[in-house]
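# Examining the three-dimensional arrangement
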Amino acid sequence: MSNTKTIIISGCGFKYLDINDMSIVDNVFTDKNVKINIGAATAYSLAQSNYNLILISRTISKLELIRKSLLSSFPNISIKIFAIDLLSEDDISKFVSQLDFENNVYYYVHCAGISAGSYKIKDDNPYLSIEDTPLNLPTIEFESVVKTLLIMIQALLPVFKKQLESRMVIVSSMSGIRAVPLGFSHVSAKAGLHNATRSLTLELNKLNIFISEVLPGAVDTGLYDNDIVKDNVRKMGESFGYSYSNIPMMPPKAVADAVKLCIESESHILSINLVAQGQWPNLSA
């Protein structure tokens, strides 16, 4: 039997390791040609606890495959999927209007970001020198995580106010509290998300809307498979006194389990900071 709560998760997706073999992928959680992102991993972790799920991203084909893969292991839960643009107020308004607030308690997990593919970065590398940073990139990165959160919370807030308790978990980044070289655009966007989260937490707490922030370091979602990205992350490590032959990365499951803890804890968890074992543990630069 499924849990009475329904968890909305944005930014659910995965990366094909070999785009020439996309058609052979049957289960995104077991296929060796796929690396899931944090949103998809969170969906799996919550499905294990029998929560009903609503999964959001821009690519319906990937959502369909994630849903199929989850139902093969967890056939007794409800999983709905919506292909929407989180930067579209119309899309979000239409989505929220379709929710059944009379018979469900909704929580929200915010995993939005440019890694979902809405904006193509050269070489898939967000860690750019200041000379190579496009002038529009800081705005794009900021809007992809902060503006999307604003649009979603404004749409959900009228309903959250009516629930006895609501919870939101915002997946941010250690980059939001710990600057790194080669990160002008990335760290400024994540810092904006961090402080936006803190502001929301203070403003909405008295309404029994409890907001938690999960801040991971390097996660093995495929972002760090590119040699250019690897080289730049190694340079970051050197600035903290670490020399990496292999970049320490945590599995997406580690972040997903932290998200689930925030949802299920009898306390109000304000934030969880986590890095891969062996990654530099500096909380600030």
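In this report, we go over the structure that sits alongside the text. (Residues numbered from 1 in each chain as written. Predicted model: local features only at pLDDT ≥ 70, side-chain atom pairs only at ≥ 80, totals over all residues. Heavy atoms only, no water.)

### Re the sheet that holds strand S1 (residues 5-10)
Applicable threshold: In this description, strands pair whenever DSSP reports at least two bridges between them. Numbering of helices and strands runs from the N terminus; a helix is a DSSP stretch of H or I covering at least four residues, while a strand is a stretch of E covering at least two. Axis definition: a line fit to C-alpha positions, over the contact stretch in the case of helices; interaxial angles, taken between N-to-C directions, run 0 to 180 degrees. Note on definitions: a residue-residue contact is assigned when non-hydrogen atoms from the two residues lie within 4.5 Å.
Read across the open sheet, the seven strands follow the order S5-S4-S1-S6-S7-S8-S9; overall the sheet is parallel. The strands lining the two open edges of the sheet, one partner per strand, are strand S5 (79-83) and strand S9 (271-274). Across this sheet, the average inter-strand angle for adjacent strands is 15°, counted without regard to direction. Here strand S4 (residues 52-57) runs beside S5; their pairing, made up of five bridges, is parallel. Looking at S5, one finds that Ile-56 is bridged to Phe-82. Packed on one face of the sheet, helix H2 (residues 60-73) meets S4 and S5 and runs near 170° to S5.

### A word on the packing of aromatic side chains
Put simply, the rule reads: Note on aromatic contacts: the rings of Phe and Tyr and the six-membered ring of Trp form a pair at centre separations within 6.5 Å, being stacked when their planes are under 30 degrees apart, edge-to-face when over 60 apart, and tilted otherwise. Between buried and exposed lies partly exposed: a residue is buried under 20% and exposed over 50% of the maximum accessible area for its type, with that area taken using a 1.4 Å probe on protein chains only.
Scanning all chains against the criterion turns up nine aromatic pairs. Summarising the aromatic geometry, the rings of Phe-14 and Tyr-16 are spaced 5.1 Å apart at their centres and angled 80° between planes, so their arrangement reads as edge-to-face. One exposure class covers both Phe-14 and Tyr-16, and it is buried. Summarising the aromatic geometry, the rings of Phe-240 and Trp-280 are spaced 5.0 Å apart at their centres and angled 15° between planes, so their arrangement reads as stacked. Pair noted here: Phe-240 is in the loop between helix H6 (227-239) and helix H7 (252-264) and Trp-280 is in the segment after S9, with a separation of 40 residues, a long-range link. With a relative accessible area of 18%, Phe-240 lands in the buried category.

### Concerning the environment of Ser-57
With respect to the helices and strands, Ser-57 occurs in strand S4. Note on Ser-57: relative accessible area 10%, which makes it buried. For the pair Ser-57 and Gly-217, spaced 160 residues apart in the sequence, the C-alpha separation amounts to 22 Å.

### Description of the packing of helix H4 (residues 137-160) against helix H5 (residues 184-204)
As a reminder, the rule being used: Note that the term roughly parallel is reserved for angles under 35 degrees, roughly antiparallel for angles over 145, roughly perpendicular for angles of 65 to 115, and oblique for everything else. Throughout, a crossing is termed right-handed when the near helix is turned clockwise from the far one, and left-handed when it is turned anticlockwise from it by less than a right angle. Think of it as three bins: nonpolar holds Ala, Val, Leu, Ile, Met, Phe, Trp, Tyr, Cys and Pro, charged holds Asp, Glu, Lys and Arg, and polar takes everything else, Gly as well.
Interaxial distance between H4 and H5 falls to 7 Å at its minimum, and their mutual angle equals 20°. By the angle class used here, H4 and H5 are roughly parallel. Our pair here, H4 against H5, has a crossing hand that is right-handed. Taken together, the residues of H5 that come into contact with H4 (itself represented by Leu-137, Pro-138, Glu-141, Phe-142, Val-145, Val-146, Leu-149, Ile-153 and Leu-157) are Phe-184, Ser-185, His-186, Ala-189, Lys-190, Gly-192, Leu-193, Ala-196, Leu-200 and Leu-204. Class assignment of the residues belonging to the contact of H4 with H5 gives a composition of 14 nonpolar, three polar and two charged.

### Focus: the side chain of Thr-197
Within the secondary structure, Thr-197 is located in helix H5. Judged by its relative accessible area of 0%, Thr-197 is buried. Among all residues touching Thr-197, those that are not within four sequence positions of it are Ile-170, Ile-211 and Glu-213.

### Let's talk about the nonpolar core
Here is the rule: Put simply, a nonpolar core is a bunch of buried Ala, Val, Leu, Ile, Met, Phe, Trp, Tyr and Cys residues held in one set by side-chain atoms that sit within 4.5 Å of each other.
Core analysis: the largest hydrophobic core is formed by 43 residues, its most contacted members being Ile-7, Ile-9, Leu-53, Leu-55, Leu-70, Val-109 and Ile-263. In contact with Ile-7, other than residues within four places in its own chain, are Leu-46, Tyr-51, Asn-52, Leu-53, Ile-54, Tyr-107, Val-109 and Ile-263. Grouped together as the second largest cluster of nonpolar side chains are 30 residues, Leu-86, Val-145, Leu-149 and Ile-153 included.

### As for the pairing of S9
Going residue by residue along S9, you find Ile-272 and Leu-274 tucked away on one face and Ser-271 and Asn-273 left uncovered on the opposite face. Pairing analysis gives four bridges linking strand S8 (residues 209-216) to S9, with the strands arranged parallel. When the bridges of S9 are listed, Leu-215 appears paired with Asn-273.

Nothing here speaks to function; it is all geometry.
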